[in-house]
Structure formats: structure tokens, C-alpha cells
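Residues per chain, in single letters:
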Amino acid sequence: MFRDRKDAGEKLGEALEKYRNMNVLVLGIPRGGVETAYYVAKHLNAEMSIVITRKLGYPFTPEAAFGAVAEDGSVYISETAAQNLSSLEINDVLQEQRQELKRRIQKLRRGKPLPGLKGRTVIITDDGIATGATLFASIELCKKKKAGKIVVAAPIAGERMETILHEKVDDVIILEKPPFYSAVSQGYDEFSNLTDEEALAFIDKWE
């Protein structure tokens, strides 16, 4: 489907051509989404930044996410988790991740605030969508900051995810929707996790 994130980002930028030179803001979700956002913003002649979000992991299996929190405090909790976890358990995980959010804002955005979103078209992008937890929290952040139009763009996601997103945002662009979709990596010939340093390199190159 895609050679690597550069190939995916460039193709995604072409698919978003109608937003070229429209003063849009492209927000990448770290880390993989930073590289995607770089190539999308470059094609669209748009402003680029990153939105910091953190997955919320179950207390005893932290690698499994039950939701996510964005840097402004916007929270997404899955319906299943809301039924199976106490408010105390959820708040404990939230407090821990809020500290990590502060660290990542300093590390990945060097403490700078997000650009103004009010009234603007904002394109939220990642290198692919799996559970959608961090994406949903990012969408809530954009709504709270009164973005004029919210667009979600990704190289790959499941068909059901596209349906869900159409109910949450104004426009959805997903290039590949495999019928048997299980992981973002299946859409790429080359796929490895980006480090903070590699993500920063794209931010520095942009600035």
C-alpha cells in the first residue's frame, strides 16, 4: 500500500488538495503522525504543529488503552471502560498521564502553545488509526478551541472507524480501508516506531 510514512504522507497531501493554500492548520499526533503531518503540510502550503495526547492504559494492563487525554484536559473514555473501571481508577491514570503531557509539550513543542484554532480549518493527521483513542481526544480539543472545520486524515484505518469519524468531524479522508484490518503497520512496507528525536527532526525541518 505505502512504502513508508513519506510515501503515505505525500499521497495523503494529494488527497487533501482542496485544502491547498487555504490557511489550514495541520496537526500531527506524535510520534508517527508528525512525519505524516510534515508531508501533508508541505503539499498544502499549510501551517503545521503537533497536538500532544496520551493513551490511558488499564491499571493492570497499561499497554491496553481504555481512552486518551489531550493536552488541554480533553478526555475520551471508551464505553466499556466507563462500565468496568471506577472513577477513582480512571482519575489515578489521568493524573499520571497529565504529568507526561507536560513533559512532552516541553520536549516535542519546546513549551510553545498550540497555534490559534478558533475559526480555522484544522486537519488532524496520524500515520494510521487503530483504536482511535488519541484521535478522539484530539477532536475534543479542537471542538473546545472552536475550530471552524475539523478534518481527520490518515493513510489507513478500518471501514467502521471511517463511519464513526463522519459522525464526529466535518470531513474524513482515509486512503486505505482493508477489509481485514488489525494494525497500522500492515499498510506499510517499512514501518518502525519514531523516537522523540526523529519526530523533533521533522518539526525542526519545518520551522
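In case you missed it, the structure is sitting above this.
Residues numbered from 1 in each chain as written. Predicted model: local features only at pLDDT ≥ 70, side-chain atom pairs only at ≥ 80, totals over all residues. Heavy atoms only, no water.

1. A closer look at the layout of surface pockets
Approximately 960 Å³ is the volume attributed to the largest pocket. The wall of the largest pocket is formed by 37 residues, among which Pro30, Arg31, Lys55, Asp126 and Thr134 lie closest to the centre. Elements with a contribution of two residues or more to the lining of the largest pocket: β3 (53–58), β4 (61–70), α4 (87–108) and α5 (133–144). In terms of residue count, the dominant contributor to the lining of the largest pocket is β3 (6 residues). Across the lining of the largest pocket, the residue classes tally to 18 nonpolar, 10 polar and 9 charged. Of the voids in this model, the second largest pocket is the one considered here, and its volume is about 420 Å³. In this structure, the second largest pocket is lined by 21 residues; those nearest its centre are Tyr76, Thr131, Phe136, Arg160 and Met161. Elements with a contribution of two residues or more to the lining of the second largest pocket: β4, β5 (75–77), α5 and α6 (159–166). (1 Å grid on protein atoms, 1.4 Å probe; cavity = no way out; pocket = protein on both sides within 12 Å on 5 of 7 lines; lining within 4 Å. Points joined across faces, edges and corners; volume = space filled by probe spheres on them. Helix = DSSP H or I, 4+ residues; strand = E, 2+ residues; numbered from the N terminus. Nonpolar A, V, L, I, M, F, W, Y, C, P; charged D, E, K, R; others polar.)

2. A closer look at the environment of Tyr188
As for its placement among the helices and strands, Tyr188 is situated in the loop between β8 (171–176) and α7 (196–206). Look at Tyr188 and you get buried, because its relative accessible area is 7%. In this structure the C-alpha to C-alpha distance between Tyr188 and Ala8, which are 180 residues apart in sequence, comes to 8.5 Å. Those residues within four positions of Tyr188 in sequence are excluded, and the remaining contacts are Phe2, Asp4, Arg5, Ala8, Asp127, Pro155 and Ile156. One polar contact links the side chain of Tyr188 to the main-chain carbonyl oxygen of Asp127, over a distance of 2.6 Å. (Buried < 20%, exposed > 50% of the residue type's maximum accessible area, 1.4 Å probe, protein only. Contact = heavy atoms within 4.5 Å. Polar contact = N/O pair within 3.5 Å; in protein donor to acceptor, adjacent residues only side chain to side chain.)

3. Comments concerning the nonpolar core
One finds Leu16, Val26, Leu44 and Ile123 to be the most contacted residues of the largest nonpolar core, which totals 36 residues. When residues of this core are traced back to their parent elements, those giving at least two are α2 (32–44), β2 (47–50), β4, α4, β7 (149–156) and α7. With 7 residues, α2 is the largest single contributor of residues to this core. In contact with Leu44, not counting residues within four places along its chain, are Gly13, Leu16, Glu17, Tyr19, Arg20, Asn21, Val24 and Ile123. Among the nonpolar cores identified, the runner-up in size contains 28 residues, and Leu141, Ala147, Val169 and Val172 belong to it. (Core = buried A, V, L, I, M, F, W, Y, C linked by side-chain atoms within 4.5 Å.)

4. Some thoughts on the sheet that holds β3
Taken together, the 3 strands give an open sheet; going across it, the order is β3-β4-β5, and neighbouring strands pair in antiparallel fashion. Both edges of this open sheet fall to β3 and β5, since each of them pairs with a single strand only. Adjacent strand axes in the sheet meet at a mean angle of 40°, parallel and antiparallel pairs treated alike. As paired strands, β3 and β4 are joined by 6 bridges and run antiparallel to one another. Directly across from Thr53, in β4, lies its bridge partner Ala70. Sitting on the sheet, α4 touches β3, β4 and β5, and the angle it makes with β3 is about 150°. (Pairing = 2+ DSSP bridges. Axes fitted to C-alpha atoms, helices over the stretch in contact; angles between N-to-C directions.)

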